[in-house]
Amino acid sequence: MTIPLKSRDQLPEAGGDAAQGPSRLPYIQAIDGLRALAVVAVVLNHIDFPGMSSGFVGVDIFFAISGFLITRQIVTKQAAGSPQQLREFWAGRARRIVPAMVLIIAVTCLGSVMFLAPQELERVGFYGFASDLFGMNIAAAARGGNYFDGPLRQSPFLHLWSLGVEEQFYLVWPLILGPLALVAVKRLRWSRQRTLAVALTVLGLASLLASVVQTTSSPLWAFYGLHTRLYEFIIGGAAALFWQWSLDRRTGRLFTIGGLAMIVAAFVWTPVDAGFPGAWPLLAVVGSVAMIVGFTHGPGEQGYSVAGIFSWSPARRIGRYSYSWYLWHWPAFVLALAATNGNKTIARIACVAAIVPAAASFHFVEQRVRLAPRLVKSSSRSLAFGAVALGFGAACSIGVVLWGRLGVQDPQVAEWVQAEESFRPGGCEQNSTLLGAEVCLGGSDEPGDPVVLLVGDSHAAQWIAAFSEAGRANGFAVALRYYGNCPAAPLGPSTSQKSADYDACTSFQKETVGLLANDQVSAVVMTDAGSSRRKFDDIDAWSRSARELADAATDKEVSVGLLVDNPNSGDPLQCLSRDFSPAECALPKDEALVEVKAYSAAEIQLVKNASVERLDLTAITCPDDPCPIQVGGTWVAARDNHLAREFTELQTDRVGNWVDELLRKR
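Residues numbered from 1 in each chain as written. Predicted model: local features only at pLDDT ≥ 70, side-chain atom pairs only at ≥ 80, totals over all residues. Heavy atoms only, no water.

**Looking at the confidence of the model for the chain**
The cut-off we apply is this: By definition, pLDDT measures how confident the predictor is in each residue, and it falls between 0 and 100. The contact criterion used is simple: two residues touch if any of their non-hydrogen atoms lie within 4.5 Å.
Looking at the chain as a whole, its pLDDT mean stands at 91, while 94% of the residues score no less than 70. Counting contacts from residues 1–23, a segment whose pLDDT is below 50, to residues more than four positions away or on other chains yields 94 contacts.

Written out as structure tokens, the structure is:
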């Protein structure tokens, strides 16, 4: 295996390099091998391959490669940064990026209509439209879409957030290196090299600082924003601009081996969700750039050296398909899950097998358009073609939205949609005066009636209507305090599994615990989902924290109740909307009750040791096997493992009697 430098006339470069037809920039074979490593890491991460939980840093490797290759092209072909040269650059990007992206948007829209529920299509169309405008990253951050968890994980366009970042980079980077740099040179009277060095240093450090700060204060914008990722491109670009020294064979090997070691360390040590990105991408980015420098400025290697392995023909082939495979793999996974009612094995196979349509897309769409003589000869024609293609992608996305709205007009689907959304809080009103903190207040409004504090996550909020109705009948007020994905028991500083919203959650919990000292609070009821409790290191850690909360309440003469969480139900109404049968949409009892049973012993021990009253409605929420999704004409489960409001309201009498017993203990 060797790493010869070939003319791109012989072998056009794929992926992040802005190919604008034949040029004399040398083709560095090993960089395609590095692309292969990046895309394989991302795919393995998305199929939950063991040991690849941090494989998402493959995207950061792509950013570093793009920074290097795009900068190399700009400084080679755009010395003056004239408007004509800018048009040529953007025209090349349009030919390279747009056709394959619009193809996957169109295919995904068609697949979504075929396999997803009507009520899901509006969200699909919205994100498809945002992706078509290279703004998926902005849409995800603005709508609160967590990359690692939550509803956005079900979007077939989730992965296109990174393409949005790249395209935004392609828009601003040639302006920074071209016209803006020229203006700065004239005003400062510095050399272009010095001007760029200062500008990139300031921009890079500012971007890194923004990433570190916003990872804590605004984690979604830190993850998805160009401003927090720009330093990754800049590090690659700086290597293209300022590295002029050739390396001897030994030093070249040290760069490639050291760089690969840093990438491996990134795969091993980068945290999942909490604390990312921050400065963590530096491991993968600096490692990638070190390898590129070794590939580019070191002598050609043969045999089984790092550079030689990355230049191996199969690795180069995967690298050339990397952009297409990245586009195809996630829609294949999501739509396969939908088509098979959640069969992850088939979905994982589809995700990996997506390299087949990716290869076809590369040869018959990407290369045909990118190298089309009529387009290559005219930047105006290329830009017009790109605009028309994007218009088609936008039309597909809008069509999906309209199709979904038509579908939800069906009376049966409308009933399912209404039940799906009914878990959201209802039957209470926001109030910040009664207890001196924001609560959703319901139940009795008679002065002097006891106040029950209902605490937890959205699984607490789903019960507010039943508690409120019981309170009006039995003479108590209920004050709901809930924060999504935040357990009722305080996490505390010792918790190691800190999520992205750890600070907001603990702050909310601290304020909630403070309410126990309010004389008007007579009882506190805790309930939350198993997914929220998993933020603790283990069940024992949750048990200790719940005991501390119960003891603190008892010290304030506040009774403590624990409402057992409902069974895991998945999204049965969404499943029905995808044309599966009720039997196919109901979960077996053993599967539905896994988390309920996992905490059962700890909860019972809490009852014995901390004077806690426990209400277990499992025999009602899951009386049969499989757990029914409808009982007596009433839908049991809403979306995302919640209970439908109509079902919880049927439990009003049970809730009222239990709360009465709780209040009598005071």
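**Regarding the side chain of Thr 495**
Counted only if it meets this: Helix numbers and strand numbers start at the N terminus; a helix is a DSSP run of H or I with at least 4 residues, a strand a run of E with at least 2. Exposure categories follow from relative accessible area, calculated using a 1.4 Å probe and restricted to protein chains: below 20% of the type maximum is buried, above 50% is exposed, and the middle band is partly exposed. Between N or O atoms, a polar contact is any pair within 3.5 Å; within protein, one atom must be a potential hydrogen donor and the other a potential acceptor, and residues adjacent in sequence are included only when both atoms are from side chains.
Its place among the elements puts Thr 495 in the loop between β6 (477–482) and α23 (502–514). Judged by relative accessible area, Thr 495 falls into the buried class, the value being 4%. Within the local environment of Thr 495, its side chain forms a polar contact with the backbone oxygen of Leu 491, the two atoms lying 2.6 Å apart. What Thr 495 contacts, discounting residues up to four positions off in sequence, is Lys 535, Phe 536 and Asp 537.

**Some thoughts on a negative patch on the surface**
Rules: Surface patches are drawn from residues lacking salt bridges whose relative accessible area is over 30%; two like charges belong together within 9 Å, two nonpolar side chains (Val, Leu, Ile, Met, Phe, Trp, Tyr) within 5 Å. Computed with the Shrake-Rupley method and a 1.4 Å probe, the accessible areas treat only the protein chains shown as cover for residues. Here, a salt bridge means any Lys or Arg side-chain nitrogen found within 4 Å of an Asp or Glu carboxyl oxygen. In this count, Lys and Arg are taken as positive residues and Asp and Glu as negative ones, while His and the chain termini are left out. We put the charge of a Lys on NZ, of an Arg on CZ, of an Asp on CG and of a Glu on CD.
Together, Glu 415, Glu 469, Glu 646, Glu 649 and Asp 653 make up a negatively charged patch on the protein surface. By the element assignment, Glu 415 lies in helix α20 (residues 411–421). In this structure Glu 415 comes out as partly exposed when scored by relative accessible area, which is 34%.

**Observations concerning the packing of helix α3 (residues 83–115) against helix α15 (residues 322–339)**
Threshold: Angular values range over 0 to 180 degrees, each being the angle between N-to-C directions of two axes fitted as lines to C-alpha atoms, with helices fitted over their stretch in contact. An angle below 35 degrees is treated as roughly parallel, one above 145 as roughly antiparallel, one from 65 to 115 as roughly perpendicular, and anything else as oblique. Residues were grouped as follows: Ala, Val, Leu, Ile, Met, Phe, Trp, Tyr, Cys and Pro as nonpolar; Asp, Glu, Lys and Arg as charged; and all remaining residues, including Gly, as polar.
In the contact formed by α3 and α15, the axes pass within 10 Å of each other and the chain directions differ by 5°. Between α3 and α15, the interaxial angle falls into the category roughly parallel. Contacts between α3 and α15 involve Arg 96, Ile 97, Ala 100, Met 101, Leu 103, Ile 104, Val 107, Thr 108, Gly 111, Ser 112 and Phe 115 from the first element and Tyr 323, Leu 327, Trp 328, Pro 331, Leu 335, Ala 338 and Ala 339 from the second. Tallied by class, residues from the contact of α3 with α15 come to 14 nonpolar, three polar and one charged.

**Brief notes about the state of the cysteines**
As a reminder of what qualifies: Criterion for a disulfide: a pair of cysteine sulfur atoms within 2.5 Å.
As enumerated under the stated definition, the model contains four disulfides in all. Shown here is the disulfide that connects Cys 428 with Cys 440, its sulfur atoms set 1.9 Å apart. Judged by the sign of its S-S torsion, about 95°, the bond between Cys 428 and Cys 440 is right-handed. Of this pair, Cys 428 sits in the loop between α20 and β3 (429–431) while Cys 440 is found in strand β4 (residues 439–443), placing the two residues twelve residues apart along the sequence. The two residues Cys 428 and Cys 440 agree in class, both being buried. At a sulfur-sulfur separation of 2.1 Å, the disulfide partner of Cys 575 is Cys 585.

**What about the packing of aromatic side chains?**
Spelled out, the test is: When two rings of Phe, Tyr or Trp (its six-membered ring) have centres within 6.5 Å they constitute a pair, described as stacked for plane angles under 30 degrees, edge-to-face for angles over 60, and tilted for the intermediate range.
Applying the stated rule across the entire model yields 24 aromatic pairs. Judged by centre distance (4.9 Å) and plane angle (45°), the rings of Trp 161 and Phe 223 are tilted. Note that Trp 161 is positioned in helix α6 (residues 161–177) and Phe 223 in helix α9 (residues 219–224), a separation of 62 residues in sequence. Between the aromatic rings of Trp 243 and Trp 245, the centroid separation amounts to 5.2 Å while the plane-to-plane angle is 90°, which identifies the pairing as edge-to-face. The exposure class assigned to Trp 243 is partly exposed, which follows from its relative accessible area of 23%.

**A look at the nonpolar core**
As a reminder of what qualifies: Remark: nonpolar core denotes a set of buried residues (Ala, Val, Leu, Ile, Met, Phe, Trp, Tyr, Cys) joined through side-chain atoms within 4.5 Å.
Among the nonpolar cores identified, the biggest contains 105 residues, and Trp 161, Trp 173 and Tyr 224 are the most heavily contacted of them. Of the residues forming this core, the biggest block, eleven residues, is contributed by α15. Leave out the neighbours within four places in its chain, and Trp 173 touches Ile 70, Thr 71, Ile 74, Leu 200 and Ile 234. Ala 477, Phe 536, Ala 541 and Val 558 belong to the second largest nonpolar core, which has 34 residues in total.

**Remarks on the sheet that holds strand β8 (residues 559–563)**
Put simply, the rule is: Strand pairing is assigned whenever DSSP identifies at least 2 bridges connecting the two strands.
Taken together, seven strands build an open sheet; the order of strands is β3-β4-β6-β5-β7-β8-β9 and the sheet is mixed. A strand with exactly one partner marks an edge of an open sheet, and here the two such strands are β3 and β9 (612–615). The sheet shows a mean angle of 30° between the axes of neighbouring strands, direction not considered. The pairing of β3 with β4 spans three bridges and is antiparallel. Bridging from a neighbouring strand, Glu 429 pairs with Leu 441 of β4.

**Here's the deal with helix α32 (residues 652–664)**
Applicable threshold: The span one expects for a helix is its residue count, reduced by one, times 1.5 Å. Note: the arc covers the axis-to-C-beta directions of the helix.
For α32, built from 13 residues, the straight-helix expectation of 18 Å at 1.5 Å per residue is met to within 8% by its first-to-last C-alpha distance of 18 Å. By the burial criterion, the buried members of α32 are Thr 652, Val 655, Gly 656, Trp 658, Val 659, Leu 662 and Leu 663. Axial view of α32: buried residues confined to an arc of 170°, hence all on one face. Residues of α32 that are exposed and angled more than 90 degrees away from the buried face: Asp 653 and Arg 664. Against the buried residues of α32 lie β5 (451–456), α22 (464–474), β7 (521–527), β8, β9 and α31 (645–649).

**With respect to the pairing of β4**
Here is the key point about a regular strand: its side chains alternate between the two faces of the sheet. Judged by how many residues are buried, β4 sits mostly within the fold: four of five residues are covered. Strand direction decides the pairing type here: β4 and β6, joined by four bridges, are antiparallel. Paired with Leu 441 across the two strands is Ala 479, which belongs to β6.

**A short note on the environment of Ala 610**
Within the secondary structure layout, Ala 610 lies in helix α29 (residues 594–610). Given the relative accessible area of 4%, Ala 610 is considered buried. Ala 610 sits 499 residues away from Gly 111 along the chain, and the two C-alpha atoms are 53 Å apart. If we skip the residues at most four places from it in the chain, Ala 610 touches Arg 547, Ala 550, Asp 551 and Thr 554.

**Describing a nonpolar patch on the surface**
A surface patch of nonpolar side chains, about 380 Å² in accessible area, is lined by Phe 129, Leu 133, Ile 398 and Leu 402. Within the element layout of this structure, Leu 402 appears in helix α19 (residues 379–407).

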